[in-house]
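Understanding the architecture of this molecule
Residue strings, one per chain:
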Amino acid sequence: MELSAAEEYATRIIAVESALQHAVCDEAPAARLSSSPASAPDGKASSPAPVVGGTATPETNHLVSIPLPVPPIPDGLWPAVRAELEAQSVIGYPANAVESLELPPADQAEYLARAGKNLSSWYRLMMAQDSVLAEFRQAGIPVAVLKGAAAAANYPQPNSRSMGDIDLIVPPDHFEQAFSLMERLGWENDIELEINPRHAGFKKAGCPEIELHRYFSTCANKQQAHFLDQAIYDAIPRAEWTDVAGFSVPVLPPLENGLVLLAHVNQHLGSGLGLRQILDWQMFVDAHLTDELWKRGFQHAAQQIGMEKLAVTTTWLCRTYLGLQTSATWFGEADAQLANDLLLYIMQRGNMGRKMERGAQATRTVLHNLRSPAALVRYLYEGGRAHWAPARKHAWLAPAACLYQVGHVIRKGLSRNASMSELVTDARSAQEDIDLLKRLEVTRM
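Residues numbered from 1 in each chain as written. Predicted model: local features only at pLDDT ≥ 70, side-chain atom pairs only at ≥ 80, totals over all residues. Heavy atoms only, no water.

**What about the environment of Leu168?**
Of note, Leu168 is situated in strand 2 (residues 166–169). Among the residues examined, Leu168 registers a relative accessible area of 1% and is labelled buried. Ignoring any residue separated from it by four or fewer positions in sequence, one finds Leu168 in contact with Val132, Leu133, Phe136, Val143, Ala144, Val145, Ile210, Glu211, Leu212 and His213. (Helix = DSSP H or I, 4+ residues; strand = E, 2+ residues; numbered from the N terminus. Buried < 20%, exposed > 50% of the residue type's maximum accessible area, 1.4 Å probe, protein only. Contact = heavy atoms within 4.5 Å.)

Right, dumping it as structure tokens:
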């Protein structure tokens, strides 16, 4: 499978933006111009074309230049490119690169309007978060922000990072106190811990949702999950209140913050991994993950949570396709073909699976969970409890919850009205996904 022309241009635009922002931060001259064609005459990219920055690539040890500016976009293609940036939740990131495209005024104005909406959402979220964090500080509750603003802290322009909700975590012995505080502040709990013991969800009119985490890891392996969560708990008291575009944010130390961002990539691999999570990782690597930090502790920690290969492969992907510029060499033994396949996997889905048809996505979820008896039972049990209230109240109804979920899946499948050929295609695609995730050695699929 190949990248479409729109997907190819989207990755090139992101790579150019990364180069521009890196050059501004380092006060370095822009990368050299390149006239490399973006796609074949038929509009399809034969394979993801490397668009790497001005440092040595591990496979050649030669400098490769970023194509600046992006080659002119063919007439009529820009709407698809813009849609791709939106599907990947990175619409606000490449504003400088998009400006260099010299789009028609109407297209440029529409892009600026959509990027402006993203910027408005960013400030709305940050103001809500700022208010809640002030209450946590006053109450003496140790807290750290996960993902979101903690990821944006590594961006040269933090407000270019698309935001969704707010993720907070406190030490386990402060969870009940934090939960009560949220309720006193007028936030309504809308995700019961009986449904999702990982976090409590809170909503308030006019505000983004807040997830108050009891724990963070989604690793199926209990030992790996415990290692990650304990590392986060131990790091919360060491969180540094960091200025992020004028807002003070408690960010975990670099090693633990990086583990969270890596685990976030891992978490979305089975459902809908987008370029937003990949850029979060890229910005962290650029800002912090030197060879020295890798050897001093990050490699060991990544091994302990089963994500060393994911870290290496994803960084190679960023270095080769998205404009990461780093002198680090710790990822030099990456499998280039695996990184190529991972990029294709990401571009096919979009952030949170936005590019996938909902019925097909549900079918793949079921097929993914058929990979082992334990995974299947866990999927049926958790899904049954989520969809059937009595099972949340009475533990003895666990077997019935599994049966309820079986019926729920059948009903969804029938409502989709998919043909047998569509189901066969979904099954084949799901197996390809599982094979890729096994090659990555990830712990959540």
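**A few points about the environment of Ile73**
Here Ile73 shows up in the loop between helix 1 (5–26) and helix 2 (78–87). A sequence separation of 28 residues divides Ile73 from Leu101, and the C-alpha atoms of the two residues are 7.7 Å apart. Aside from chain neighbours lying at most four places away, what touches Ile73 is Tyr9, Ile13, Trp78, Val81 and Leu101.

**Topic: the packing of helix 4 (residues 105–139) against helix 6 (residues 175–184)**
Describing two packed helices takes the angle between their axes plus the distance from one axis to the other. One can describe the packing of helix 4 onto helix 6 by two numbers: an axis separation of 11 Å at closest approach and a directional angle of 130 degrees. One element, helix 4, and the other, helix 6, form an angle in the oblique class. Handedness of the helix 4/helix 6 crossing: right-handed. In contact with Val132, Glu135, Phe136 and Ala139 of helix 4, helix 6 contributes Gln177, Ala178, Leu181 and Met182. Within the contact of helix 4 with helix 6, the residues separate by chemical class into six nonpolar, one polar and one charged. (Axes fitted to C-alpha atoms, helices over the stretch in contact; angles between N-to-C directions. Parallel < 35°, antiparallel > 145°, perpendicular 65-115°, else oblique. Left-handed = near helix turned anticlockwise from the far one by under 90°. Nonpolar A, V, L, I, M, F, W, Y, C, P; charged D, E, K, R; others polar.)

**Regarding unusual backbone geometry**
For Glu102, which is not a glycine, the phi torsion comes out positive at approximately 55 degrees. Along the chain, the position of Glu102 falls in the loop between helix 3 (95–99) and helix 4. Even without being glycine, Ala245 reaches a positive phi, approximately 50 degrees. For Ala245, the position within the fold is in the loop between strand 6 (240–244) and strand 7 (247–251).

**Let's talk about the sheet that holds strand 4 (residues 199–203)**
Across the sheet, five strands lie side by side as 1-2-5-4-3; this open sheet has mixed pairing. Unpaired on one side and paired on the other, strand 1 (144–146) and strand 3 (188–191) mark the two borders of the sheet. Each strand axis lies, on average, 35 degrees off the axis of its neighbour in the sheet, ignoring direction. Note: strand 3 against strand 4, three bridges, orientation antiparallel. Looking across to strand 4, one finds that Asn189 is bridged to Phe202. Those strands touched by helix 4 are strand 1, strand 2 and strand 5 (210–213), and its axis lies near 20 degrees from that of strand 2. (Pairing = 2+ DSSP bridges.)

**Points about the packing of aromatic side chains**
Counted under the stated rule, the structure contains 13 aromatic pairs. With centroids separated by 6.2 Å and ring planes inclined at 45 degrees, the aromatic side chains of Phe175 and Phe179 adopt a geometry described as tilted. Note that Phe175 and Phe179 are positioned in helix 6 at a spacing of four residues, about one turn of the helix. Grouping residues by exposure puts Phe175 and Phe179 together as buried. (Phe/Tyr/Trp six-rings, centres within 6.5 Å; stacked < 30°, edge-to-face > 60°.)

**Comments concerning helix 11 (residues 308–321)**
For helix 11, which comprises 14 residues, the first-to-last C-alpha distance of 20 Å matches the rise-based estimate of 20 Å (1.5 Å per residue) to within 8%. Burial within helix 11 is extensive, with twelve of its 14 residues counted as buried. Regarding helix 11, the residues found buried are Leu310, Ala311, Val312, Thr313, Thr314, Thr315, Trp316, Leu317, Cys318, Arg319, Thr320 and Tyr321. Positive phi appears at Gly323, one or two residues downstream of helix 11, with a value of about 85 degrees. (Expected span 1.5 Å × (residues − 1).)

**Digging into a nonpolar patch on the surface**
Residues Leu119, Tyr123 and Met127 make up a contiguous nonpolar surface patch of roughly 260 Å² in combined accessible area. Its location among the elements puts Met127 in helix 4. (Patch = residues over 30% accessible without salt bridge, like charges linked within 9 Å, V, L, I, M, F, W, Y side chains within 5 Å. Areas by Shrake-Rupley, 256 points an atom, 1.4 Å probe, with all protein chains shown as cover. Salt bridge = Lys/Arg side-chain N within 4 Å of Asp/Glu carboxyl O.)

**Quick notes on helix 9 (residues 275–287)**
Relative to the 18 Å expected for 13 residues at 1.5 Å per residue, helix 9 spans 18 Å between its end C-alpha atoms, a close match to the ideal helical length. The buried fraction of helix 9 is high, at eleven of 13 residues. By the burial criterion, the buried members of helix 9 are Leu275, Arg276, Gln277, Ile278, Leu279, Asp280, Trp281, Gln282, Met283, Phe284 and Val285.

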